[in-house]
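# Examination of the molecular architecture
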Amino acid sequence: MRVLGISGSLRRGSYNTALLRHAGDLFEAEGVEFEIYHGLRDIPPYDEDHDTEDAPEPVRRIREAVRGADAVFFATPEYNSSVPGTLKNALDWLSRPFATNPLRYRPVAVIGASAGVFGAVWAQAELRKVLGAIGARVSEGEVAVGNAGERFDEQGRLSEPNLEQEVHEVIATLLVDILAAKNSQSVAKASKIVREHAN
């Protein structure tokens, strides 16, 4: 099982990227392969004129990365009460074409951290809405790491056990959703084979 992590922050010392790294340790403790995607800053602004089979290379890379994962795990900061523009831009590219986009039916989960007290709850809600509109299978659960500068230790790990437990609960829900998605795909494939033989 493979999960792709995407941080909505480009900052070198990003709390959300640190949150993803911590989540990655929890995924790997469950025997799940976890990788953080680092190419967000390379993706050009969405341009429908260039949204063809020969899309820009950074766009092809993130589409392939998402297709190669069983699920995507997002950590987002909050900019002006919403999702950072770089992350929204990447999702606009990933959403096309709608019927076959790489996020369609793919399990996803959203958590977030911010320097403010609310822990990016509005951005998380906006991100879930966008992912749902794209057609992703959005897992239940939320982790809001507010006052993030006080919530990580010197190694960049969450310093509060209750927050780590919340992250673990979101991970557990996502893993259940991955298995359910795989079972649905298996049933669909089996049904297709039965129909083909019946014809």
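What you see is a predicted model, and the numbers here were worked out from it, not measured in a lab. (Residues numbered from 1 in each chain as written. Predicted model: local features only at pLDDT ≥ 70, side-chain atom pairs only at ≥ 80, totals over all residues. Heavy atoms only, no water.)

### Considering the packing of aromatic side chains
Here is the rule we go by: Two rings belonging to Phe, Tyr or Trp (six-membered ring only in the last case) form a pair when the distance between their centres is within 6.5 Å. Interplanar angles under 30 degrees mark stacking, angles over 60 mark edge-to-face geometry, and anything in between is tilted. For every residue, the accessible area (1.4 Å probe, protein chains only) is compared with the maximum for its type, and the residue is labelled buried under 20%, exposed over 50%, or partly exposed between those bounds. Labels follow the DSSP assignment, with helices taken as runs of H or I lasting at least four residues and strands as runs of E lasting at least two, numbered in each case from the N terminus. Put simply, a charge is over a ring when the Lys NZ or the Arg CZ is close to the ring centre, within 6 Å, and near the line of the ring normal, within 35 degrees.
In total, this model carries 4 aromatic pairs according to the counting rule given. Measuring from centroid to centroid gives 5.1 Å for Phe27 and Phe34, while their planes differ by 10°, and the two rings are stacked. Residues Phe27 and Phe34 agree in their burial class; the two are buried. Ring centres of Phe27 and Phe73 lie 5.2 Å apart, and the angle between their planes is 85°; on these two criteria the pair is classed as edge-to-face. Of the two residues, Phe27 sits in helix α1 (residues 15-29) while Phe73 sits in strand β3 (residues 71-76), which places them 46 residues apart along the sequence. Within the aromatic cluster, the residues linked to one another by ring pairs are Phe27, Phe34 and Phe73. Positioned over the ring face of Tyr15 is Arg11, at 5.0 Å from the centre of the ring.

### Let's talk about the side chain of Thr76
Convention followed: Residue contacts follow a heavy-atom distance rule, with two residues in contact if any of their heavy atoms lie within 4.5 Å.
On the secondary structure map, Thr76 appears in strand β3. If we skip the residues at most four places from it in the chain, Thr76 touches Gly8, Asn16, Pro84, Leu87, Val110, Ile111, Gly112, Ala113, Ala120, Ala123, Gln124 and Leu127.

### Digging into the packing of helix α2 (residues 57-67) against helix α3 (residues 85-94)
Operational definition: Where helices are involved, their axes are fitted lines through C-alpha atoms of the stretch in contact, as for all axes, and angles between N-to-C directions lie from 0 to 180°. For this classification, under 35 degrees means roughly parallel, over 145 means roughly antiparallel, 65 to 115 means roughly perpendicular, and everything else is oblique. As a working rule, the residues Ala, Val, Leu, Ile, Met, Phe, Trp, Tyr, Cys and Pro are called nonpolar, Asp, Glu, Lys and Arg charged, and the rest polar, with Gly in that last group.
Running from N to C, α2 and α3 point in directions that differ by 75°, and their axes come no closer than 10 Å. Between α2 and α3, the interaxial angle falls into the category roughly perpendicular. Listed contacts from α3 to Val59, Ile62, Arg63 and Val66 of α2 are Ala90, Trp93 and Leu94. When its residues are assigned to classes, the contact of α2 with α3 shows 6 nonpolar, no polar and 1 charged.

### Points about the pairing of β3
Test applied: Criterion used throughout: strands pair if DSSP finds at least two bridges between them. With strands facing away from the observer, any crossover in which the path from the first strand over the helix to the second runs clockwise is taken as right-handed.
In terms of burial, β3 is a largely internal element, 6 of the 6 residues being buried. Burial along β3 is two-sided: the residues Ala71, Phe73 and Ala75 and Val72, Phe74 and Thr76 are all buried. Where strand β1 (residues 2-7) meets β3, 5 bridges bridge the pair, whose relative direction is parallel. Along β3, the bridge assignment pairs Gly5 with Phe73. Taken together, β3, α3 and strand β4 (residues 107-113) form a β-α-β motif whose crossover is right-handed.

### Quick look at the side chain of Asn89
Quick reminder of the rule: The term polar contact refers here to a pair of N or O atoms within 3.5 Å; inside protein, the definition further demands a hydrogen-donor-capable atom paired with an acceptor-capable atom, and it admits residues adjacent in sequence only when both atoms are side-chain atoms.
Following the sequence through the fold, Asn89 ends up in helix α3. One polar contact links the side chain of Asn89 to the main-chain amide nitrogen of Tyr46, over a distance of 2.7 Å. Once residues within four sequence positions are removed from consideration, Asn89 is found in contact with Ile43, Pro44, Pro45 and Tyr46.

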